[in-house]
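Structural overview
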Amino acid sequence: MEFEKATIDDVISYLSTSRSGLSSDEVKRRLEKYGYNEVKEKKVSPVRKFLDKFNAPVPWMLEVTSLVTFFLKKYDDMAIILFLLVFNAIVSFVQESRAENAVELLRKKLSVQTSVLRDGRWTNVQARELVPGDVIHVRLGDIVPADVKVIEGEVEVDQSALTGESLAVEKKEGAILYSGSIIKRGEAEGLVVTTGAKTYFGKTTELVQNAKVKSHIESLILGIVKYLITIDVTLVLLMVIYSFFTKVPLSNVIPFALVVLIASIPVALPATFTIAMAIGALEMSKKGVLVTRLNAIEDASSMDVLCMDKTGTITENKLYVVDPIVMQGNEEELIRSAVLASEEAGEDPIDKAVINYAKEKGVKVDFSVRKSFTPFDPSTKRSEGIIVENGSEIKVVKGAPQVVGSLCGMSDEIKDTIDKLAMRGFRVIAVGKGKEDNLSLLGLLPLYDRPRKDSATLISELKDLGVSVKMITGDNKAIAGEIAKEVRIEGSPCSISDVKEGKEKVDECGVLAEVFPEDKFFVVKSLQKEGHVTGMTGDGVNDAPALKQAEVGIAVSNATDVAKAAASVVLTHEGIVDIVDAVKSGRRIYQRMLTYTLNKIMKTIQVVIFLTTSFFVFRFFVTTPFDIILLLFANDFVTMSIATDNVRYSKSPEKWNVKPLVMSSAILSTMLVLEGFTGVLISMKLGFSQGEIQTFVFDLLVFSGLFTVLMVRERKRFWHSAPSKWLLLSIIGDILVISLISILGILVSPIPPVSIVYVILLTFGWMVVMDFVKNLVFRKYGL
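Figured I'd write up the structure that's included with this text. The model shown is predicted, which means the values in this text are computed figures rather than measured ones.

Let us look at the overall build of the chain. Looking only at helices and strands, the chain features 29 helices and 22 strands. Classification of the 783 residues of the chain by burial places 55% in the buried group. Contacts in the chain between residues at least 24 apart in sequence constitute 72% of all its contacts with a sequence separation of at least 6. Working note: accessible area of the chain is about 33,500 Å², and carbon and sulfur atoms make up 57% of it.

Now the structure itself:
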């Protein structure tokens, strides 16, 4: 049944109840049928949630690698891989347990006492014990405990946290009060029509629980691994076949082949991404942006559409008087009369707007002239005061234009003016003054929830960064269009119903109007299906499902706890300019991760191709399996400091595209392979033994990897910007440690100190030459 449209008698009949409420026995039966009035949680034990972190493609990859190292009896390598596996799981577990927090907050909202009519008498019960058919009483300050149809009385309710509407909404007999809304004026009796998950509130909760964001990072890592392993397996098979024909013992080839395969798996890539995003989250927190889901940082760099909730996000969720229309007398008299018909110490948003406007305009009001005051009443739709003026008692009235107009008289021209203002999104109140039986209309006060001062600037900056902004609102198209013009949002205003029916494309709409909570969720999912990385800002309970579903869910500073728990980013400062910082920070972090990824792919291709082809040419392994593992440690773990590097953000959304990454890396890697052959020939020219050649080549691969980082970290010439202090120190420290163990012969065959100098000069000089080629390659592949 559509309870909003049905008559009270039809609803009473449908629910098999009466205006006298239910009996206790009937309540017990209905509790068994409908369940308690609460939001049920999909509980998963913390242990299960933690173990699930090991049950995904990237963890599987690391788990298989650790098993291979175990069978090869490489226990140190296995320990390192397992450490990385557990490290990733712990960070992910700590950072990302947010959905159940949102559900818990929703559930607590319903844990209130309510007055209910049972067995013919009024009694207080826990809200969770309400059932459909109960008759309840609500009054000023009460939280509505279920969806209720008003059967007697009249109230004003604040449902902004639910629907985003900034003004209190009037509810008369036959109207529905939504669970979770707050009574601001009046009192009423109502019939409970839905409870728990069936309520407007509960449906929002289910959407929050069902929302899920796809991991772009995981797809990227798997894509890279697919390419690398394809290359490695092909070369390893060729190496095995070649060794068979050249009579090289398989016992020498197999361990080497397996270690080369292990080298192709970016073991430290997930950990490096996690560290980069964790450091980025710390940087962003200092700017007032709290990140609750680490992947949202990477997603912020790729975000190309941002859906912004109008109320409380683009606008201030606060009423202001704008350009009063004077009908009689002057503006000062109009404002003073409106203030005298207002309650100075009250919480009424219209009274506050009128009093604040008077203060802004310097209109002084002496409340001592007011003999009596009648506050706003939903049934009369006006407030009034009796003042003493020139020894006479005068009435001042403020309220709905049709009500004040009936007391003062109102021309058709004034009515047209009111209609036009309403079409532009203004709420209009009329002000009258005069003797009891001879009131005159002083004028009209248009009020509206104006855009935040920073909204237009923010939208302009986001546009410059390649992010398209869409405004989402429950208002009609005309009102929404007016606000959109003020903040310079591009694109036509569309009704959500037209979008759902296929009459309008969500991509082409700058404004989506007449939107309900489930529609916001639909909009985000529709944009994601179109291939957009979508952001969503919001502040209310009704925004929570969309905030949870969006790759970048942003809760503004004054958001409800539920919205903050569902979001992946929470702003702590007033306004939304911090969103621009979040996008810039995300893109800087992307650049760091791109540097590491390029370096890792290049080193992997270099090592695999060089080691296999050099085996074909020289008929011995130019380095040992142990050296390769040591190389992984020396390069991968030191280059984690890339997460702290100094970088610039790009002016357009970043997109991970595996093919260009691998192709550009492969081209540059061919030069690194030539560098490796040059190193082997130099070491032979120096008359080194096989063990010394292997140490020389090991040093070359390590130093080449470090200088490659300096080259690829800068998209222009490598000297264009300085690396971060930690990256520079780690490179210097790595060179010193590797040089020391090579000279002293720790774990490797010793070589003369002058050989280290040769390696450093060769690798640095080669990097300088490669830097020119790098710029051509990066431009070709759009990096």
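Additional details are given in the paragraphs that follow.
Summed over the entire model, instances satisfying the criterion amount to 23 salt bridges. Across the pair K395 and E384 runs a salt bridge whose closest N-O atoms are separated by 3.5 Å. One end of the pair, K395, is in strand β14 (residues 392-399); the other, E384, is in strand β13 (residues 382-389), and eleven residues separate them in sequence. As far as the burial class goes, K395 and E384 line up, both buried.

According to the relative accessible area criterion, K395 is buried, its value standing at 10%. Of note is the side chain of K395, whose polar atom sits 2.7 Å from the side chain of E436. Not counting residues up to four positions away in its chain, the partners in contact with K395 are E384, G385, I386, G432, K433, G434, E436 and L439.

We now examine the packing of helix α28 (residues 725-744) against helix α29 (residues 753-780). Axis separation between α28 and α29 bottoms out at 9 Å; the angle between their running directions is 140 degrees. Judged by the inter-axis angle, α28 sits oblique to α29. Handedness of the α28/α29 crossing: right-handed. On the side of α28, the interface is formed by I735, S739, S742 and I743, while α29 contributes P753, I756 and I760. Of the residues contributing to the contact of α28 with α29, the split by class is five nonpolar, two polar and no charged.

Our next topic: the sheet that holds strand β17 (residues 468-472). Pairing in this open sheet of eight strands is mixed, and the strands run β8-β22-β21-β20-β9-β17-β19-β18 from one edge to the other. Of all the strands in the sheet, the pair left with one neighbour each is β8 (289-291) and β18 (492-495). Strand-to-strand twist in this sheet, taken as the mean axis angle between neighbours without regard to direction, amounts to 20 degrees. As judged from the three bridges shared by β8 and strand β22 (residues 569-571), these two strands associate in the antiparallel manner. Each residue of the ladder has a partner; that of L290, found in β22, is V570. Where helix α19 (residues 477-486) meets the sheet, it contacts β17, β18 and β19 (509-513), and its direction lies at approximately 135 degrees from that of β19.

Before going further, it helps to spend a moment on the nonpolar core. Membership of the largest hydrophobic core comes to 143 residues, with the highest contact counts inside it found for L462, L512, F610 and F703. For this core, the element with the most residues is helix α24 (residues 578-618), which contributes 17 residues. Leaving out residues up to four positions away in the same chain, F703 has contacts with I735, I738, S739, I756, V759, I760 and T763. In this structure, A338, V339, V363 and I429 belong to the second largest nonpolar core, which totals 18 residues.

Bringing the packing of aromatic side chains into the picture now. The description of an aromatic ring pair uses the distance of the two centres, along with the angle that the planes make with each other. Using the criterion set out here, one finds ten aromatic pairs in the structure. Judged by centre distance (6.0 Å) and plane angle (65 degrees), the ring pair of F688 and F696 falls under edge-to-face. When sorted by exposure, F688 lands in the same class as F696, which is buried. Judged by centre distance (5.4 Å) and plane angle (80 degrees), the rings of F707 and F764 are edge-to-face. Of the two residues, F707 is situated in helix α27 (residues 690-712) and F764 in helix α29; the sequence distance between them amounts to 57 residues. Cluster of aromatic residues (ring-pair linked, three or more members): F707, F718, W719 and F764. The residue whose ring lies beneath R128 is Y36, and the NZ or CZ to ring-centre distance is 3.9 Å.

A positive phi angle, near 50 degrees, is found at S16, a position not held by glycine. One can find S16 in the loop between α1 (8-14) and α2 (24-34). Taking relative accessible area as the criterion, S16 reaches 55% and is therefore assigned exposed. The phi dihedral of R488 is positive, around 60 degrees, even though this residue is not glycine.

A cluster of nonpolar side chains, I229, V233, L237, I241, F244 and F245, forms an exposed patch at the surface whose accessible area comes to about 610 Å². Here F244 lies in helix α9 (residues 216-245).

A cluster of like negative charges, contributed by D412, E413, D416 and D419, occupies part of the molecular surface. With respect to the helices, strands and loops of the structure, D412 is situated in helix α17 (residues 412-423). The class of D412 is exposed, set by a relative accessible area of 56%.

Further remarks concern the pairing of strand β1 (residues 113-118). Two strands pair when backbone bridges link them, and β1 and strand β2 (residues 121-126) are joined in this way by six bridges, in the antiparallel orientation. Note that in β2 the partner of T114 across the bridge is V125. The antiparallel hairpin formed by β1 and β2 contains two residues in its connecting segment, where D119 sits at a positive phi of about 55 degrees.

To continue, consider the state of the cysteines. One pass over the full model with this rule turns up one disulfide. Disulfide pairing is shown between C494 and C509; the S-S distance is 2.2 Å. Torsion about the S-S bond of the C494 and C509 cystine: about -100 degrees, corresponding to left-handed handedness. Highlighted residues: C494 in strand β18 and C509 in strand β19, separated in sequence by 15 residues. As far as the burial class goes, C494 and C509 line up, both buried.

This part takes up helix α14 (residues 331-340). Listed in full, the buried residues belonging to α14 are L334, I335, S337, A338, V339 and L340. N-capping of α14 is provided by N330, with a side-chain oxygen placed 3.2 Å from the backbone N of E332.

All right, on to the environment of V321 then. By secondary structure assignment, the location of V321 is in strand β10 (residues 315-321). Those residues within four positions of V321 in sequence are excluded, and the remaining contacts are A353, V354, Y357, L445, P446 and L447.

Okay, helix α26 (residues 658-685) next. Compared with an ideal rise of 1.5 Å per residue, which puts 28 residues at 40 Å, α26 spans 40 Å between its outermost C-alpha atoms and is within 8% of the ideal. Directly beyond the C-terminal end of α26, a positive phi value near 75 degrees is found at G687.

Let us now look at the pairing of strand β9 (residues 305-309). Counting buried positions along β9 yields five of five residues, so the element is predominantly enclosed. Burial along β9 is two-sided: the face carrying V305, C307 and D309 and the face carrying L306 and M308 are both buried. As judged from the five bridges shared by β9 and β17, these two strands associate in the parallel manner. Pairing of M308 across the sheet is with M471, part of β17.

About the thresholds
- Residue numbers here run from 1 along each chain, matching the order of that chain's written sequence.
- This being a predicted model, a pLDDT of at least 70 is required before a residue's local features are given, and a value of 80 or more before pairs of side-chain atoms are given or counted; all residues contribute to the totals for chains, interfaces and linings.
- Hydrogens are left out, water is left out, and the side-chain values use all remaining heavy atoms of the structure.
- Elements are defined by DSSP. Helices are runs of H or I of four residues or more, strands are runs of E of two residues or more, and each kind is numbered from the N terminus.
- Only protein chains enter the area calculation, which uses a 1.4 Å probe; residues under 20% of their type maximum are buried, those over 50% are exposed, and those in between are partly exposed.
- Contacts between residues were defined by any pair of non-hydrogen atoms, one from each residue, lying within 4.5 Å.
- Surface exposure here means Shrake-Rupley accessible area, sampled with a 1.4 Å probe, where a residue is shielded only by the protein chains that are shown.
- Should a side-chain nitrogen of Lys or Arg be within 4 Å of a carboxyl oxygen of Asp or Glu, the pair is scored as a salt bridge.
- In protein, a polar contact means a hydrogen-donor-capable atom and an acceptor-capable atom, both N or O and within 3.5 Å, with residues adjacent in sequence counting only if both atoms are side-chain atoms; elsewhere, any N or O pair within 3.5 Å suffices.
- To get an axis, fit a line to the C-alpha atoms, keeping to the stretch in contact for a helix; angles then go from 0 to 180 degrees between the N-to-C directions.
- Angular relationships are summarised with four words: roughly parallel below 35 degrees, roughly antiparallel beyond 145, roughly perpendicular across 65 to 115, and oblique for the angles in between.
- By definition, turning the near helix anticlockwise from the far helix through less than a right angle yields a left-handed crossing, and turning it clockwise yields a right-handed one.
- Here the term charged refers only to Asp, Glu, Lys and Arg, the term nonpolar to Ala, Val, Leu, Ile, Met, Phe, Trp, Tyr, Cys and Pro, and the term polar to all other amino acids, Gly among them.
- Strand pairing is defined by DSSP finding a minimum of two bridges between the two strands.
- Only buried residues count toward a nonpolar core, which is a set of Ala, Val, Leu, Ile, Met, Phe, Trp, Tyr and Cys residues joined through side-chain atoms within 4.5 Å.
- Note on ring pairs: Phe, Tyr and Trp rings are taken, using the six-membered ring of Trp, and paired if centres are within 6.5 Å. Classes follow the plane angle, with under 30 degrees stacked, over 60 edge-to-face and the rest tilted.
- The criterion is that NZ of a Lys, or CZ of an Arg, lies within 6 Å of the ring centre and within 35 degrees of the ring normal, and then a charge sits over that ring.
- Excluding any residue in a salt bridge, patches collect residues exceeding 30% relative accessible area, merging like charges within 9 Å and nonpolar Val, Leu, Ile, Met, Phe, Trp and Tyr side chains within 5 Å.
- When charges are counted, Lys and Arg contribute as positive and Asp and Glu as negative, whereas His and the chain ends are disregarded.
- By convention, the charge on Lys lies at NZ, on Arg at CZ, on Asp at CG and on Glu at CD.
- Cysteine sulfur atoms are paired as a disulfide whenever they come within 2.5 Å of each other.
- Take the number of residues in a helix, subtract one, and multiply by 1.5 Å to get its expected span.

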